[in-house]
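Per-entry structural report
Chain residues, written in single-letter form:
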Amino acid sequence: MWSWVLHRITGVAIFFFLLVHILDTALVRVSPEAYNAVIGTYQTPIMGLGEVALVGAIVFHAFNGLRIILVDLWAWATRHQKLLFYIVIALWVITMLGFTPRHLMNVFSH
């Protein structure tokens, strides 16, 4: 059940990020000064932490989506959903451990 809940939450979060991203990028056509002001607000440590959360959501959603495809297409996977969920979590942790320190070094070095 947690896999289902997290997949829906990350999917909605990614959708809203994409919506905001499209809107703020569209500002460049309306007012380049407004666009530059918005982009300037994104270059803060708080937004750097938000980027870590965004990447975490995308990575979990992607790995869990692959798990769902396996469950849908492979009978073995249906019987071992719990194991596959733990593999998704392990891959997510490994990926985030590789990404987070490097990203935060870049965020906090400015």
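What you see is a predicted model, and the numbers here were worked out from it, not measured in a lab.

It is worth spelling out the overall build of the protein chain at this point. For the protein chain, the count of helices and strands is five helices and zero strands. Reading the protein chain from its N terminus to its C terminus gives the helix and strand order α-α-α-α-α. Per-residue burial over the protein chain gives 21% buried out of 110 residues. The contacts of the protein chain with a sequence gap of at least 6 include a subset with a gap of at least 24, amounting to 67%. Accessible surface for the protein chain amounts to roughly 7900 Å². Of this, 75% is attributable to carbon and sulfur atoms.

What follows covers the layout of surface pockets. Leftover empty space is mapped by rolling, across the atoms, a probe with the size of a water molecule. A volume near 300 Å³ is recorded for the largest pocket. In terms of lining, the largest pocket is formed by 13 residues, of which the most central are Phe 17, Tyr 42, Met 47, Glu 51 and Leu 54. Of all elements in the fold, only α1 (2-30), α2 (32-42) and α3 (45-73) reach the threshold of two or more residues within the lining of the largest pocket. Among the residues forming the lining of the largest pocket, the class breakdown is eight nonpolar, three polar and two charged. Its boundaries defined by the atoms lining it, the second largest pocket holds a volume of some 230 Å³.

Within this structure's numbering, the places UniProt gives as "binding site: heme" (unreviewed entry) are His 61. Mapped onto the fold, His 61 is located in helix α3. Excluding residues within four positions of it along the chain, His 61 makes contact with His 7, Thr 10, Gly 11 and Ile 14.

Glancing now at the packing of aromatic side chains. For the structure on display, the rule yields three aromatic pairs. For the ring pair Phe 15 and Phe 16, a centre distance of 5.4 Å and an interplane angle of 70° mean the geometry is edge-to-face. Ring centres of Trp 74 and Trp 76 lie 5.2 Å apart, and the angle between their planes is 40°; this geometry places the pair in the tilted category. On the accessibility criterion, Trp 76 (31% relative accessible area) is partly exposed.

Further remarks concern the packing of α3 against helix α5 (residues 81-108). One way to put it is that α3 packs onto α5 with a least axis distance of 9 Å and a crossing angle of 155°. When the axis of α3 is compared with that of α5, the two are roughly antiparallel. The chirality of how α3 crosses α5 is right-handed.

This brings us to the environment of Trp 92. Summarising the element assignment, Trp 92 is placed in helix α5. When the C-alpha positions of Trp 92 and Asn 64 are compared, they lie 9.4 Å apart, and in sequence the two are 28 residues distant.

The rules behind these values
- Residues numbered from 1 in each chain as written.
- Predicted model: local features only at pLDDT ≥ 70, side-chain atom pairs only at ≥ 80, totals over all residues.
- Heavy atoms only, no water.
- Helix = DSSP H or I, 4+ residues; strand = E, 2+ residues; numbered from the N terminus.
- Buried < 20%, exposed > 50% of the residue type's maximum accessible area, 1.4 Å probe, protein only.
- Contact = heavy atoms within 4.5 Å.
- Areas by Shrake-Rupley, 256 points an atom, 1.4 Å probe, with all protein chains shown as cover.
- 1 Å grid on protein atoms, 1.4 Å probe; cavity = no way out; pocket = protein on both sides within 12 Å on 5 of 7 lines; lining within 4 Å.
- Points joined across faces, edges and corners; volume = space filled by probe spheres on them.
- Nonpolar A, V, L, I, M, F, W, Y, C, P; charged D, E, K, R; others polar.
- UniProt positions renumbered as here; feature names shortened; annotations may be inferred.
- Phe/Tyr/Trp six-rings, centres within 6.5 Å; stacked < 30°, edge-to-face > 60°.
- Axes fitted to C-alpha atoms, helices over the stretch in contact; angles between N-to-C directions.
- Parallel < 35°, antiparallel > 145°, perpendicular 65-115°, else oblique.
- Left-handed = near helix turned anticlockwise from the far one by under 90°.

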